[in-house]
Number of protein chains: 2
Amino acid sequence: MKTSIATVCLSGTLRDKLVAAARAGFDGVELFEPDLIAAPESPEEIRALADRLALTLDLYQPMRDVEGVDEAEFARVLRRAEAKFALMRRMGMDLVLCCSNAGTATVDDDEVSAAQLRVLGDLAAGYGIRIAYEALAWGRFVDDYRRAWRIVQRADHPAVGVCLDSFHVLSRGHDPAAIEAIPGEKIFFLQLADAPDLSMDVLSWSRHHRLFPGEGVFDLAGFTAHVLRAGYTGPLSLEVFNDTFRQTDPARTAAHARRSLRWLEDAVTARAGLPGLERLPALDPPRGFDFVEVTAEDTSPIERMLQQAGFTPRGRHRTKPVALWSAGRARIVLNEQHARDLAPHLSAFGLAVDDPARQSERVRALGVPAAYRRTYAHEELLPAVVAPDGTEVYWAVAGGEPAWVSEFEHGEPVREAPIEAVDHVSLTQPWQVVDESMLFYPAVFGLSSAGGTDVASPRGLVQSRVLRTPDGAVRVPLNVAPPIVAERGLPGGASQHVALRCHGVLALAHAARGRGLPVLPIPGNYYDDLAARFDLPAGFVERLRGLDIVYDRDEAGEYLNFYTETVGQVFFEFVERIDGYDGFGAGNAPVRMAAQGAAAGGVPS
Amino acid sequence: MKTSIATVCLSGTLRDKLVAAARAGFDGVELFEPDLIAAPESPEEIRALADRLALTLDLYQPMRDVEGVDEAEFARVLRRAEAKFALMRRMGMDLVLCCSNAGTATVDDDEVSAAQLRVLGDLAAGYGIRIAYEALAWGRFVDDYRRAWRIVQRADHPAVGVCLDSFHVLSRGHDPAAIEAIPGEKIFFLQLADAPDLSMDVLSWSRHHRLFPGEGVFDLAGFTAHVLRAGYTGPLSLEVFNDTFRQTDPARTAAHARRSLRWLEDAVTARAGLPGLERLPALDPPRGFDFVEVTAEDTSPIERMLQQAGFTPRGRHRTKPVALWSAGRARIVLNEQHARDLAPHLSAFGLAVDDPARQSERVRALGVPAAYRRTYAHEELLPAVVAPDGTEVYWAVAGGEPAWVSEFEHGEPVREAPIEAVDHVSLTQPWQVVDESMLFYPAVFGLSSAGGTDVASPRGLVQSRVLRTPDGAVRVPLNVAPPIVAERGLPGGASQHVALRCHGVLALAHAARGRGLPVLPIPGNYYDDLAARFDLPAGFVERLRGLDIVYDRDEAGEYLNFYTETVGQVFFEFVERIDGYDGFGAGNAPVRMAAQGAAAGGVPS
């Protein structure tokens, strides 16, 4: 289907926005009036620029407060409308958004609104323009698309139809099923926006927090399916007011926005089997982590910790300064290539998938930027993409040890270890990209959002969100550090880490400490509180205290884990999940972050 | 009165928080349990540290979900309570906060809650501890302080009283007058927090957006007066959950918090004439701006603009590399002292006040940091403070030309100019300090908050808030730039500026352009829209267009203004207020910011 994006979704000047939308592959734009007013280019220049970029100017938006008014006010509306219609003609535009009146309405009467739309329709038709009437969620009298449609029916004018906006319908909890009763040709335009689950006034929610489809909690696929079943054939257009996207690189936002529509088309077809929409190659969720990579100029401190934890050194890559360590199905790659001046950080991870070729097709179909790694003859060519935060994500076929392991030489025989696999990989996200990540991992790899929480660190609240497969084989918590940490590059707040799932974590902690593993010390007060909170045997609490192991419990089972100290930006966590415990011990995270702050020499003030 | 602050108001470790609270002059703290649990110090160490710092540990907070539960759950509550009471004894604490049950309550019965509080009271009394029961705004059954008080009455136990929290009462719109019916000795504790006017769920509002007294919209003075009239004699204690203060320097936040209580004591006494509270020296609002100072290594580009605008050069300061320019009552000081590598920026402004000595006393009473400037014999010693954003604010006696003007030598005779005075000074605020500023200017100088708005710039939303005197003689809009602008030091988004009020702005614009003043070009589309929005004579719109003058109108009158280009971080604005127009032309700000972005070579992406 044809795609469009409102210029208000993007930052920069109108020229920047048009260029970004075109480069991202949109077919058209909704032109947001303030963007035009602030632009130095004349309407004719904007039209010519759009022509050169092969962008259609799909909708001029919006005209506000046009109906439900008294006669004196309506005379002013007509005066303003005529000026705008003339302006639209200069740009060759033929569709204008008229929102239900939220400001000046004084008459709560469908007949009055319909009559005024009819007069506007006559005026518009003289300019070859059509009016798309939309119920704002906060319209003074008209705040429901069903009433807007009744008014349009009553207006009964060929130049007057409705505009449907997913936010205005779904934010109010209105049932979108009645959309199918609207004849497709009377749906003049479709605006799509997702949103997070927030309980605030609908106007603030709409103006600051909208998201691209797939990033929030709305059922955009279901909504869009209703509109398409009604026979709508216009563009799928994004109208996302979002404080973050207003700030960030418009080219990047536009590419991400375009990807959200690609994902949506697929989701709609999967739901409704509608013709004319393109599918994405279907995928099963990944089976587990293939590897995790830590990059640094010198990875020795990580090597030492892995050795102390019981990992086996599997040798050095035959053409690169890269080492492999493994324990059970957990593989850690240590990369010193192109790493000058870099402290240890998580640079990549791999996922084990059923069908790498289809995964690659899906990535291509979504237009995700590919990662590049130099390879030589007879080396496995691992495909990879760059995630929004810059982490590279690879994929290889699931089952047994992957073929690329054989490229490592001079390894030692594999030792038995109580470590089974990578349990989760926790990534720090810049605040600008976390919403994009919440679409990226589900759309590209089939992970699902599994809620989130705020964790209090000594330097502010860390926003944590979880992506995972349904079976828990892959879990990726994403953490957004407090702004001040990001702004000033302070330590603490949020670190990246690799959690390794094991059996017998108490024995492992004991043995690893014996081998010198630097374990993060947990304060004694924590154990006093643990004893007060849970009915645990006193001796057990004392064993945990002696080993700096933290504890959590949910309805299903228990969670035991300990942390290493942080090296560079990375630490390791060793976790044992007992009886199907399904969380991450979020309640322990504030204690862990305070301890990390103390270990880093205290929190600077 | 005794003052206290909850450790959750401050960032850092528990030790950092205690030190900060003590240095700011608080008498005690509320100890937030997670801060203790995450601390490496034992309870005995915390007690000893508090003793050394002369801080009392006033309240352990909180115990959650203690009443309204079934018997099995209540047994668990008692087990947990006993461990916490023992812990409190180790710290010599004798008061614990018990919130109304928001999680586990299953019994909606005052008698059950009262009976359970009575049992807890017996247990607590054995440890010499008292229980302060508080109605959370989101308590499952008990969410109103009046019901909490009925339950406490029914519990009828000497160790069980109420805790009152302004947020929980005022956020729900509950009338605080009934507080006066509670005997003072049964009000065991008082927690104070202000809040901005947000419409969101009360839990998120409370957990993320609380403010210190005077920074929000609650009537804290009225609330506190009710509590004091009831006979409460405990501490005024701050409990402010705020995402920003969780991140910022705890010493600074604590000083600011302490100042808010100083302001509150005064406001309560002003309201209620209660004994035992300290007044601040009373003040009238300032009469106008005394001067505005721009600092730079080289201020010549500013000098040139002032000359082009019609200012008179009043000479050079006799002991410093500082120049004075004036027009009407507007005085601009250009400062090149200690300015190496600095681009032009607003470094200070002066206010004309009725009684400089009382102003100085008030500043001292509030503990505001003083600014220092070197002065020599026979020079006016102008007192000044450092505002939260680093701007220095001076004051001198109102009426005629101030004495300090005579320190400038080699000036020219004052020329007639259509410029009358400084209309407003617009400051860019780092997001970390804007809330502090909203208390600073009202508490220190008697300005009032006059609402705010979000303005869309090409780089994101700029949050704008206005401080002013009732008569409009002093207006200070504060602008918070989008985070990405602050984080990356990008141009645009928000600039500082000085607005000069004049008569005949069209003639001034014409003359100043003739003298070469670099005026910010306003796009033609703006004027097309102006003609569509307002019923203005076509010739008038064309005159505005030719002079790059923007226009606004409110119920009272009209506003005409034009902007200079930006030099360093500063630009000037020339405004004419006709017939009592009272705003700032906020609707024109997006156009201005886009034009500034274009003038700065476009918005980088």
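Residues numbered from 1 in each chain as written. Chains lettered and ligands numbered in written order. Predicted model: local features only at pLDDT ≥ 70, side-chain atom pairs only at ≥ 80, totals over all residues. Heavy atoms only, no water.

Visitor: Can you lay out the relation of the copies chain B and chain A for me, pointing to particular residues and giving the numbers?
Guide: Turning chain B through 180 degrees and shifting it by 0.0 Å along the axis lays it on chain A, with an RMSD of 0.0 Å. Taken together, the rotation angle and the small translation identify this as a two-fold axis. Closest approach to the rotation axis among the C-alpha atoms of chain B is made by Met200 of chain B, whose C-alpha sits 1.8 Å away. Both copies share a contact surface, since 100% of the interface residues of chain B are interface residues in chain A too. (Least-squares fit on C-alpha atoms with pLDDT ≥ 70 in both. Contact = heavy atoms within 4.5 Å.)

Visitor: Please give an account of the interface of chain B and chain A that cites residues and values.
Guide: Contacts between the two partners involve 55 residues from chain B and, on the opposite side, 55 residues from chain A. Of the roughly 4300 Å² buried between chain B and chain A on both sides combined, carbon and sulfur atoms contribute 53%. Our count for the chain B to chain A interface comes out at six salt bridges. Put simply, Lys84 of chain A and Asp529 of chain B hold a salt bridge, and the shortest N to O gap is 2.5 Å. Applying the counting criterion to the chain B and chain A interface returns 26 residue pairs in polar contact (both at pLDDT 80 or more). Secondary-structure elements contributing two or more residues to the side of chain B that touches chain A are α2 (33-37), α4 (71-90), β18 (448-457), β19 (460-468), α14 (483-488), α16 (524-533) and α18 (589-599) of chain B. It is α16 of chain B that contributes the most residues to the side of chain B that touches chain A, six residues altogether. Grouping the amino acids of the side of chain B that touches chain A by side-chain chemistry returns 25 nonpolar, twelve polar and 18 charged. (Buried area = accessible area lost by both parts, 1.4 Å probe. Salt bridge = Lys/Arg side-chain N within 4 Å of Asp/Glu carboxyl O. Polar contact = N/O pair within 3.5 Å; in protein donor to acceptor, adjacent residues only side chain to side chain. Helix = DSSP H or I, 4+ residues; strand = E, 2+ residues; numbered from the N terminus. Nonpolar A, V, L, I, M, F, W, Y, C, P; charged D, E, K, R; others polar.)

Visitor: With reference to specific residues and values, describe the packing of α4 of chain B against helix α5 (residues 110-126) of chain B.
Guide: Residues and elements named next belong to chain B. Two elements in contact, α4 and α5, have axes separated by 10 Å at closest approach and are oriented at 30 degrees. The orientation of α4 relative to α5 falls into the category roughly parallel. Of the two possible hands of crossing, α4 and α5 adopt the one that is right-handed. The segment α4 lies against α5, with Phe74, Val77, Leu78, Ala81, Glu82, Phe85 and Arg89 engaging Gln116, Val119, Leu120, Leu123, Ala124 and Gly126. (Axes fitted to C-alpha atoms, helices over the stretch in contact; angles between N-to-C directions. Parallel < 35°, antiparallel > 145°, perpendicular 65-115°, else oblique. Left-handed = near helix turned anticlockwise from the far one by under 90°.)

Visitor: Break down the side chain of Ser360 of chain B for me, citing the residues and quoting the values.
Guide: Residue and element names in this part refer to chain B. Secondary-structure assignment places Ser360 in helix α12 (residues 356-366). A polar contact of 3.2 Å, which involves the side chain of Ser360, links it to the side chain of Trp395. If we ignore the near neighbours within four places in the chain, the residues touching Ser360 are Pro383 and Trp395.

Purely geometric stuff here, so don't read any function into it on its own.
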